[in-house]
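So you can see what is in the structure, the chains are spelled out below.
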Amino acid sequence: MAEYVVGDIQGCFEALERLLDSVGFNPKNDQLIAVGDLIGRGPQALETIDYLYSLGDSFKTVLGNHDLHFLAVYSGIRKLKTKDKFDALLASPNIDKYIYWLRHKPLALALDEHTLISHAGLYPQWSIKQALALSQEVSDSLQSKDWQKILKKMYGDQPNRWDETLSGSSRWRFIVNAFTRMRYMLAPDKLEFNCKDSPDLAPNTLYPWFNIENVNLSSQDSVVFGHWATLAGQTHHPQFIALDTGYVWQQELTMWQRQNGKKYSVSYQD
């Protein structure tokens, strides 16, 4: 069995089909895992979710910021924007089934004890074990009867430092932000949300999260993530595997095979 981890699909189903065909993906034997942002901005949100849902146990994913935004739009917490391209999906007769399915996806998952997948990465002050536990806290909330009320609390940039004593909406918001919005740090423990540039263009006061030493990680540990298209898949750290290569921005869709460590990509097509 081959395990493939794919970067941000963002509703670009045609590209996903080409990428999976290029490696001979077979859901009867292989596993597809996504780093989140299954939909959002791309033209084929419905086709993407239809297909991924149909894979059953052959597919796993974490939630990205666009996926959470979709849940908020469905719930009336945020207004649908033209650029979201959620219209056909929201109109699907299967929408309630898909919403339930998404709500039961985590913010982080482990391929094994040394390999973590999350949309934006691993907050430098957390271990893999701690990240999984915090992800479960959010999952418990998203799967509760009050999930729509809870979603309202995820918007905002504060707090931007982790404190184990955080509680309620502040704790929930920080965990969501760290897993789905993180790129740069202003300090070893302080998130910065405004800059989306590549590291060579960013102010020298900002540090990519993966450049901050994480004393909780061993040399055997790896973090696989998406979210940051301007990295173009490059972290210059073998432990940190970036898979968002910006297909929705007319670049590439990229997938990493766990067994051989190779990346496979398809380029943008009109």
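About the thresholds
- Residues numbered from 1 in each chain as written.
- Predicted model: local features only at pLDDT ≥ 70, side-chain atom pairs only at ≥ 80, totals over all residues.
- Heavy atoms only, no water.
- Core = buried A, V, L, I, M, F, W, Y, C linked by side-chain atoms within 4.5 Å.
- Buried < 20%, exposed > 50% of the residue type's maximum accessible area, 1.4 Å probe, protein only.
- Helix = DSSP H or I, 4+ residues; strand = E, 2+ residues; numbered from the N terminus.
- Contact = heavy atoms within 4.5 Å.
- Right-handed = clockwise from strand over helix to strand, strands pointing away.
- Pairing = 2+ DSSP bridges.

> I keep staring at the nonpolar core and nothing clicks. Help me out?
Side chains of a nonpolar character, in soluble globular proteins, are inclined to be buried together. Counting residues in hydrophobic clusters, the biggest one holds 82 residues, and the most contacted among them are Leu-32, Leu-38, Trp-126 and Trp-209. Among the elements that line this core, the one with the most residues is helix H8 (residues 168-180), at 6 residues. With near-sequence residues (within four places) excluded, Leu-38 lies in contact with Ile-9, Gln-10, Gly-11, Thr-48, Ile-49, Leu-52, Phe-59, Thr-61, Asp-67, Trp-101 and Leu-102. Grouped together as the second largest cluster of nonpolar side chains are 11 residues, Leu-109, Leu-111, Ile-241 and Leu-243 included.

> Even after reading the chapter, I still don't get the pairing of strand E2 (residues 31-34), so can you show me in this structure?
Looking along a regular strand, one sees side chains alternate from face to face of the sheet. Side chains Gln-31 and Ile-33 of E2 all project onto a buried face; the interleaved residues Leu-32 and Ala-34 project onto the opposite face, where all are buried too. Running through helix H1 (residues 13-22), the crossover from strand E1 (residues 3-6) to the neighbouring parallel element E2 is right-handed. As paired strands, E2 and strand E3 (residues 59-61) are joined by 3 bridges and run parallel to one another. For Ala-34, the partnering residue across the bridge sits in E3 and is Thr-61. Handedness of the E2-helix H2 (residues 45-54)-E3 crossover: right-handed.

> Whenever I open this one, the environment of Lys-28 confuses me. Can you help?
By secondary structure assignment, the location of Lys-28 is in the loop between H1 and E2. Here Lys-28 falls in the exposed class, since its relative accessible area comes to 77%. Separated by 29 residues in sequence, Lys-28 and Asp-57 place their C-alpha atoms 9.7 Å apart.

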